[in-house]
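For reference, the chains in residue letters:
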Number of protein chains: 2
Amino acid sequence: MHKFGRFPDKTAIDLGFHACQAALKDGGVEWRDIGAVFCGHAFQGSVVGERIAASFGYTGIPAVNVENACASGSTASLLAYQSVAAGFKDIVLAVGLEKMERGMLDVQQKGTPEMTMGLLPPPAKYALEAQRYMEDYGLTLEQLAKVSVKNHKHGCYNPYSQYQQELTIEEVLKSRMVCDPLTLYQCCPSGDGAAAVVVCTEEIARRLTIANRPLVRVASATLTSQTFVRGEPGDPWDLTVRAAKEAYEKGGIGPEDLDVIELHDCFTMAEIGHYEDFGLCARGEGMRLIDEGATEVGGRIPVNPSGGLLAKGHPIGATGIAQLAELVWQLRGEAGQRQVEGAKVGMAHTMGGASGMACSVTILKR
Amino acid sequence: MHKFGRFPDKTAIDLGFHACQAALKDGGVEWRDIGAVFCGHAFQGSVVGERIAASFGYTGIPAVNVENACASGSTASLLAYQSVAAGFKDIVLAVGLEKMERGMLDVQQKGTPEMTMGLLPPPAKYALEAQRYMEDYGLTLEQLAKVSVKNHKHGCYNPYSQYQQELTIEEVLKSRMVCDPLTLYQCCPSGDGAAAVVVCTEEIARRLTIANRPLVRVASATLTSQTFVRGEPGDPWDLTVRAAKEAYEKGGIGPEDLDVIELHDCFTMAEIGHYEDFGLCARGEGMRLIDEGATEVGGRIPVNPSGGLLAKGHPIGATGIAQLAELVWQLRGEAGQRQVEGAKVGMAHTMGGASGMACSVTILKR
């Protein structure tokens, strides 16, 4: 990874190149061994994967540049995984990156129906969902704020996190209101960053892996899109429910098997809803997990030990692959002070598009 | 396909949706049968594939949005092909589209080393190559112009072509100078457009195909990137040579087996150089094929019967898939007045990136 944050002196290519170098070094892989590059980003212009490849020295390998909004990185890693699983390539690189300019999302979404109605997506979407959820299930403002408190605490132990500062419930609730009930510290920050993973066959992984360092396998990887049409009634949570169900089935894994989760906590409300989507608890009971501390590092099923989008940051295209990096470190037992003890199965989850158009779930297994 | 041209009243989504509808209708396929969408474009913003899917009604299928400059469409169709070849999906849709604003490429390439030197890419690159080639091999201005004359003649018979007007050698040479020796009519136009293809397993294709309508198979599909570093010596034609070699080897096909070619004639010089890259003739002899009429419809090996980028137009992301649509029509014998008689093997070729960073070659077989 390249640390998430603000790096005005670095280009998107610099960030991506740094992450790729780190991934190659970590895997003991040479650039010349890489058979293809899959590059995920949302706003960085043309042939970014090729331009990163150029930083290493051209070897003529194919580069595929993919976009899927906040699921861009996950889509790149999915294609990387599929190219190896299908036998097209033995060893490939997936990289996700973003350099965020302030106000970028406003410009991108100008003219969409939501913007025209004055609903600044995505905060508006999650604020509406929070209001509805508070009404339906009695969620409190304090419970919402606790999600941010937890993830900021986790972020303190992650050197790649944009924010490494603890927050109190009061600080979260008293921060500037963005979209009622979501205050500033309940919204993920904007920032720059990059992450990369090497994906290869088991045979190659065995050869590369240093003694006593566990192999990390892809148990399943899915991508899905929503099923309800804008303006018509539908369940906004359905997208993740289906993506998770497919990932569980393909991987032969259930929610009870998960040891650690990195999920798309773009807003505090999202994290609570996704607990339920993943089947960690029944619908309407997500806030109980927060109250019980079940999703803290040290709890029953730690969620976002990296700090999540809320504290680690959310450079759009980098997020999905940063989640995989975190899971790999967790499953190898290399996560330092934020280590989930004995973690063997981890799940990553991203949502892409202001209306939640794409959803990716990946399960990794030690 | 959606016709190439200027369509100020249509959005990029409208164009893509139109092409997808046409492809589904042509294949006798229902939207609900489609297992994934691969969408290629360069400049149309976020989650375009999902937005096209929304026009049909969401079915929850994965959408992957890919960018590779002028090879964006080809990269989308490559991934579509691979997803079926690998057995991940049985039937998928690849769509390429672009809505071009005037001056768009200038903005995109602002700040690149070429622009800083005053070399407006891509015309400058091909103009330099033309100058060098004229010096090395004695290519004449008339021979260069003949490429445009040929492709404009072909375009007259293609209802999807942006231009349907014959040009004389004199008209081509007397048109405004863009970058010496390339005059305006030797440069592909900018425009809007879209194209789509359904890719499926042979079993499904047999079920869908109407009696007496031949199946069209993907013999091979490749994507490669360049091997020389900007500012260092290198062969600018090497990229296509390697992509074609790989496609020939994978498909068990040689240049002598080809009946029809759709290649990336973004400028007249490109077409002559690519004749040689594909092994249709020796290096330095490309202009002979033009003089002999070998690459006209009716000649030995017709090239760009659709009108090519020069006449049909070049809406960036649409081009690669429009080439495949043309080849399918040619191999089925459905190309009307521009039909290459008895065509059984066809090849499509695109280059992406101002410095020719990506190259895709696809061979289709009846």
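Up top you'll find the structure we're talking about.
Structural notes, computed from the coordinates.

Cut-offs applied
- Numbering of residues starts from 1 in each chain and follows the order in which that chain's sequence is written.
- For naming, the first written chain is A and the first written ligand is 1, with later ones following in the order written.
- Side-chain atom pairs in this predicted model are given and counted only at pLDDT of 80 or more, local residue features only at pLDDT of at least 70, and totals for whole chains, interfaces and linings cover all residues.
- Side-chain numbers here rest on the full set of heavy atoms in the structure, without hydrogens or water.
- Numbered from the N terminus, helices here are DSSP runs of H or I no shorter than four residues, and strands are runs of E no shorter than two.
- Each radius of gyration is computed over the set of C-alpha atoms, and the globule rule expresses the reference value as 2.2 Å times the number of residues to the power 0.38.
- Think of it in three bands: with a 1.4 Å probe and only protein chains considered, a residue is buried below 20% of the maximum accessible area for its type, exposed above 50%, and partly exposed in between.
- The contact definition used throughout considers only heavy atoms, calling two residues in contact when any of these lie within 4.5 Å.
- A 1.4 Å probe defines the accessible area here, and the buried area is the portion of it lost by two parts on being joined, summed over both.
- Any Lys or Arg side-chain nitrogen located within 4 Å of an Asp or Glu carboxyl oxygen qualifies as a salt bridge.
- Any pair of N or O atoms that falls within 3.5 Å is considered a polar contact. Within protein, one atom must be able to donate a hydrogen and the other to accept it, and sequence-neighbouring residues count only if both atoms are side-chain atoms.
- Polarity classes work like this: nonpolar for Ala, Val, Leu, Ile, Met, Phe, Trp, Tyr, Cys and Pro, charged for Asp, Glu, Lys and Arg, and polar for all others, with Gly in that last group.
- Two strands pair if DSSP finds at least two bridges between them.
- Multiplying one less than the number of residues by 1.5 Å gives the expected span of a helix.
- An axis is simply a line fitted to the C-alpha atoms; with a helix, the fit covers only the stretch in contact. Between two such axes, the angle follows the N-to-C directions and lies from 0 to 180 degrees.
- All copies are superposed by least squares; the fitting set is the C-alpha atoms of residues with a pLDDT of at least 70 in both.
- Note that the term roughly parallel is reserved for angles under 35 degrees, roughly antiparallel for angles over 145, roughly perpendicular for angles of 65 to 115, and oblique for everything else.
- In this scheme the handedness of a crossing depends on how the near helix is turned from the far one: anticlockwise by less than a right angle means left-handed, clockwise means right-handed.

1. Examining the overall build of chain A
- Helix and strand counts for chain A stand at 14 helices and 11 strands.
- Against the globule reference of 21 Å for 366 residues, chain A gives a C-alpha radius of gyration of 19 Å, in line with a compact fold.
- By its C-alpha atoms, chain A is 55 × 45 × 40 Å across when sized along the principal axes.
- Within chain A, buried positions represent 61% of all 366 residues.
- In chain A, the proportion of contacts linking residues at least 24 apart, taken out of those at least 6 apart, comes to 74%.

2. A short note on the interface of chain B and chain A
- With 36 residues of chain B at the contact, the number on the chain A side is 36 residues.
- Taking both sides of the interface into account, the surface hidden between chain B and chain A amounts to around 2900 Å²; carbon and sulfur atoms contribute 61%.
- Together, B:Tyr58, B:Glu67 and B:Met357 form the three largest contributors to the area buried by chain B at its contact with chain A, with a combined 22%.
- Counting every contact that joins chain B to chain A gives 0 salt bridges.
- Inspection of the chain B/chain A interface yields 16 residue pairs in polar contact (both at pLDDT 80 or more).
- Elements with a contribution of two residues or more to the side of chain B that touches chain A: α2 (48-56), β3 (63-67), α3 (72-85) and β8 (217-225) of chain B.
- By residue number, the principal contributor to the side of chain B that touches chain A is β3(B), which donates 5 residues.
- Per-class residue counts for the side of chain B that touches chain A are 17 nonpolar, 14 polar and 5 charged.
- Summarising the sheet, strand β3 (residues 63-67) of chain A and β3(B) pair through 3 bridges and their orientation is antiparallel. Bridge assignment links A:Asn65 to a residue of β3(B), and that residue is B:Glu67.

3. A few points about the environment of B:Ile52
Residues and elements named next belong to chain B.
- Take isoleucine 52: it is sitting in helix α2.
- Sequence separation between isoleucine 52 and leucine 15 is 37 residues, and the spatial gap between their C-alpha atoms is 9.3 Å.
- Setting aside residues no more than four positions away along its own chain, isoleucine 52 makes contact with Ile13, Gly16, Phe17, Cys20, Cys39, Val95 and Leu97.

4. What to know about helix α1 (residues 12-27) of chain A
Residue and element names in this part refer to chain A.
- Across its 16 residues, α1 extends 23 Å between first and last C-alpha, which sits within 8% of the 22 Å expected from 1.5 Å per residue.
- Listed in full, the buried residues belonging to α1 are Ala12, Ile13, Leu15, Gly16, Phe17, Ala19, Cys20, Ala23, Leu24 and Gly27.
- Buried residues along α1 sit in contact with β1 (2-5), α2 (48-56), β4 (91-98), β7 (192-200) and α9 (202-208).
- Looking at the residues trailing α1, positive phi occurs at glycine 28, about 65 degrees.

5. Some details on the sheet that holds strand β2 (residues 37-40) of chain B
- Taken together, the 10 strands give an open sheet; going across it, the order is β1(A)-β7(A)-β4(A)-β2(A)-β3(A)-β3(B)-β2(B)-β4(B)-β7(B)-β1(B), and neighbouring strands pair in mixed fashion. Edge strands, defined here as strands with exactly one partner in the open sheet, are β1 of chain A together with β1 (2-5) of chain B. Taken over all neighbouring pairs, the strand axes of this sheet differ in orientation by 25 degrees on average, direction set aside.
- Examined bridge by bridge, β2(B) and β3(B) share 4 bridges and lie parallel to one another. Pairing of B:Cys39 across the sheet is with B:Asn65, part of β3(B).

6. Side note on the packing of α3(B) against helix α14 (residues 319-332) of chain B
All names here are of chain B.
- Relative orientation of the contacting elements α3 and α14 amounts to 65 degrees, with a least axis distance of 5 Å. Contacts between α3 and α14 involve Gly73, Ser74, Ala76 and Ser77 from the first element and Gly320, Ile321 and Leu324 from the second.
- Its residues assigned to classes, the contact of α3 with α14 comprises 3 nonpolar, 4 polar and no charged.

7. Considerations on the relation of the copies chain B and chain A
- Taken as rigid bodies, chain B and chain A are interconverted by a rotation of 180 degrees and an axial shift of 0.0 Å, the fit giving an RMSD of 0.0 Å. Such values leave the two copies arranged in the relation of a two-fold axis. Scanning chain B for the C-alpha nearest the rotation axis identifies B:Val66, at a separation of 2.2 Å.

8. Here's the deal with the packing of helix α6 (residues 123-137) of chain A against helix α11 (residues 268-277) of chain A
Residues and elements named next belong to chain A.
- Running from amino to carboxyl end, α6 crosses α11 at an angle of 60 degrees, the nearest separation of the two axes being 9 Å. Judged by the angle between their axes, α6 and α11 are oblique. At the point where α6 passes α11, the crossing takes the left-handed sense. Here Tyr126, Glu129, Ala130 and Tyr133 of α6 lie close against α11, whose contacting residues are Met269, Ala270, Ile272 and Glu276.
- Looking at the contact of α6 with α11, its residues break down into 6 nonpolar, no polar and 2 charged.

9. Here's the deal with unusual backbone geometry
- A:Asp180 connects to A:Pro181 through a cis peptide bond whose omega is 10 degrees.
- Although it is not a glycine, B:Ala69 sits at a positive phi angle of roughly 50 degrees.
- The class of B:Ala69 is buried, set by a relative accessible area of 9%.
- Located in the positive-phi region is B:Asn304, a residue other than glycine, with phi close to 55 degrees.
- With respect to the secondary-structure elements, B:Asn304 resides in the loop between α12 (286-292) and α13 (308-312).
- Overall, B:Asn304 belongs to the buried group, its relative accessible area being 0%.

10. Description of the side chain of A:Thr240
Residues and elements named next belong to chain A.
- With respect to the helices and strands, the residue threonine 240 is situated in helix α10 (residues 238-251).
- Judged by relative accessible area, which is 1%, threonine 240 ranks as buried.
- Looking at threonine 240, its side chain comes within polar contact range of the side chain of histidine 349, at 2.9 Å.
- Once residues lying within four places of it in the same chain are set aside, the contact partners of threonine 240 are His274, Asp277, Phe278, His349, Met351 and Cys359.

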